[in-house]
Amino acid sequence: APPPPQNERWVFLTSKDGDLRDKEATRLIYEKHQPQCVIHLAALVGGLFANMSQKVEFWRDNVAINDNVMHWAKEFKVKKLVSCLSTCVFPDK
């Protein structure tokens, strides 16, 4: 494989940089950074009791995050999107 370009720039973001649940906030992040590649690791997590007591809210927020990241990656013609997501699974009892 060829070496990476010398002008390559990596940007690391946190939730303080924008709310990925919000479509417009996500668009502004893409507009600001104009990425060619995205490694998407963002998710709403809250631990065992939060996940158990707010199942629908966690699911909806994580779907919104992923939908926005993928949508704007397509719109901004990102060449490569890598998405690594986690899942919490708990027994019924």
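Since this is a predicted model, take the numbers as computed values, not measurements.

### Thoughts on helix α3 (residues 55-75)
Right, on to step 1. Taking 1.5 Å of rise per residue, the 21 residues of α3 would be expected to cover 30 Å, and the 30 Å separating its terminal C-alpha atoms lies within 8% of that figure.
Right, on to step 2. Within α3 the residues assigned to the buried category are Phe58, Asn62, Ile65, Asn66, Asn68, Val69, Trp72 and Ala73. Along the axis of α3, the buried residues cluster in a sector spanning 155 degrees; they form a single face. Away from the buried face of α3 by more than 90 degrees, exposed residues Lys55, Val56, Trp59, Arg60 and Lys74 are located.
Right, on to step 3. Where α3 is buried, its residues meet α1 (23-33), β1 (37-40), α2 (47-53) and β2 (80-83).
Right, on to step 4. Just beyond α3, the residue with positive phi is Lys77, at close to 55 degrees.

### Some words on the packing of aromatic side chains
Right, on to step 1. Counted under the stated rule, the structure contains three aromatic pairs.
Right, on to step 2. Seen from their ring centres, Trp10 and Phe12 are 6.2 Å apart, and the 20 degrees between their planes marks the pair as stacked. Phe12 carries the same exposure label as Trp10, and that label is exposed.

What counts and how
Residues numbered from 1 in each chain as written. Predicted model: local features only at pLDDT ≥ 70, side-chain atom pairs only at ≥ 80, totals over all residues. Heavy atoms only, no water. Helix = DSSP H or I, 4+ residues; strand = E, 2+ residues; numbered from the N terminus. Expected span 1.5 Å × (residues − 1). Buried < 20%, exposed > 50% of the residue type's maximum accessible area, 1.4 Å probe, protein only. Arc of directions from axis to C-beta. Contact = heavy atoms within 4.5 Å. Phe/Tyr/Trp six-rings, centres within 6.5 Å; stacked < 30°, edge-to-face > 60°.

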